Amino acid sequence: MLRSGIIATVLLAAMAAGQPVLADDPVAGEVLSEVWCSSCHAVRPDDPTSDAAPSFDTIVNVYERSPEFLWGWLAHPHGAMPNPNLSRGEIDDIVSYMETLRDS
Ligand code: HEC
């Protein structure tokens, strides 16, 4: 009982510190994107697009942004986009989700 409590505490601390418990999880990335990005971006291919920001589909397939570009953007957003203050693990998850949208 005590031991499992300690393990849970360590796990929560690791998550809070942004250490990915499961590395690069596109399903988690989709959920994070729905929560934090969908107010401006069309996150899923069948989401209605908006004029406010390019859809994720456009970003990977029309702009052809590399995973490195996406990672760098999310670590240091600029222009009209507010900084969502993502952890490294959250960025990994969101970039891996965006990679699932890439056509080729
Ligand atoms: C408040 C609105 C808003 C939210 C929320 C938002 N974005 Fe953006 N995002 C923008 C706007 C506006 C741009 C275009 C900025 C520019 O080019 O100056 C942009 C641009 C981007 C780009 C770069 C597009 C390119 O290739 O030029 C990426 C990648 C991106 N957003 C990802 C995300 C992700 C992932 C999230 C969620 C964590 C997110 N955005 C949340 C408004 C938003």
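Here, the structure is the one placed above.
Note that this is a predicted model, so its numbers are computed, not measured.

Looking at helix α5 (residues 88–100)
Because an α-helix packs 3.6 residues into every turn, residues spaced three or four apart end up facing the same way. Helix length check: α5, at 13 residues, gives a terminal C-alpha distance of 19 Å against a target of 18 Å (1.5 Å per residue), a fit within 8%. Considered for burial, the residues of α5 that qualify are Gly89, Ile91, Asp93, Ile94, Val95, Ser96, Tyr97 and Met98. Check the buried side of α5 and you find it contacts α2 (26–36), α3 (56–61) and α4 (67–75).

Focus: the nonpolar core
Formed by 15 residues in total, the largest nonpolar core has its most connected members in Phe56, Leu70, Leu74, Ile94, Tyr97 and Met98. Contributing elements (two or more residues each) for this core: α3, α4 and α5. For this core, the element with the highest residue contribution is α5, accounting for 5 residues.

A closer look at the coordination of the iron atom of the ligand
Distances from the iron atom of the ligand to its protein donors, namely His41 (NE2) and Met81 (SD), fall within the range 1.9 to 2.1 Å. Judged by relative accessible area, which is 14%, histidine 41 ranks as buried. You can call methionine 81 partly exposed: its relative accessible area is 25%.

Examining α2
Along α2, the positions that sit buried rather than exposed are Gly29, Leu32 and Ser33. For α2, the arc enclosing every buried residue in end-on projection is 100 degrees, short of the 170-degree limit, so these residues lie on one face. Seen from the open side of α2, the exposed residues pointing more than 90 degrees away from its buried face are Val27, Val31 and Val35. Its buried side turned inward, α2 meets α3 and α5. The N-terminus of α2 is capped by aspartate 25, whose side-chain oxygen sits 2.9 Å from the backbone nitrogen of valine 27.

A word on the site of the ligand
Close contacts around the ligand come from 21 residues, with Cys37, Cys40, His41, Arg65 and Met81 the closest. Within the side chain of arginine 65, a nitrogen or oxygen atom sits 2.5 Å from an oxygen atom of the ligand. Within the backbone of alanine 80, a nitrogen or oxygen atom sits 3.4 Å from an oxygen atom of the ligand. Only α3 and α4 provide two or more residues apiece to the shell around the ligand. Looking at side-chain class alone, the shell around the ligand contains 17 nonpolar, 3 polar and 1 charged residues.

About the criteria used
- Residues numbered from 1 in each chain as written.
- Predicted model: local features only at pLDDT ≥ 70, side-chain atom pairs only at ≥ 80, totals over all residues.
- Heavy atoms only, no water.
- Helix = DSSP H or I, 4+ residues; strand = E, 2+ residues; numbered from the N terminus.
- Expected span 1.5 Å × (residues − 1).
- Buried < 20%, exposed > 50% of the residue type's maximum accessible area, 1.4 Å probe, protein only.
- Contact = heavy atoms within 4.5 Å.
- Core = buried A, V, L, I, M, F, W, Y, C linked by side-chain atoms within 4.5 Å.
- Donors = N, O, S within 2.8 Å, 3.2 Å for Na, K, Ca; no water.
- Arc of directions from axis to C-beta.
- Polar contact = N/O pair within 3.5 Å; in protein donor to acceptor, adjacent residues only side chain to side chain.
- Near = heavy atom within 4 Å.
- Nonpolar A, V, L, I, M, F, W, Y, C, P; charged D, E, K, R; others polar.

Function cannot be inferred from these measures alone, as they are strictly geometric.
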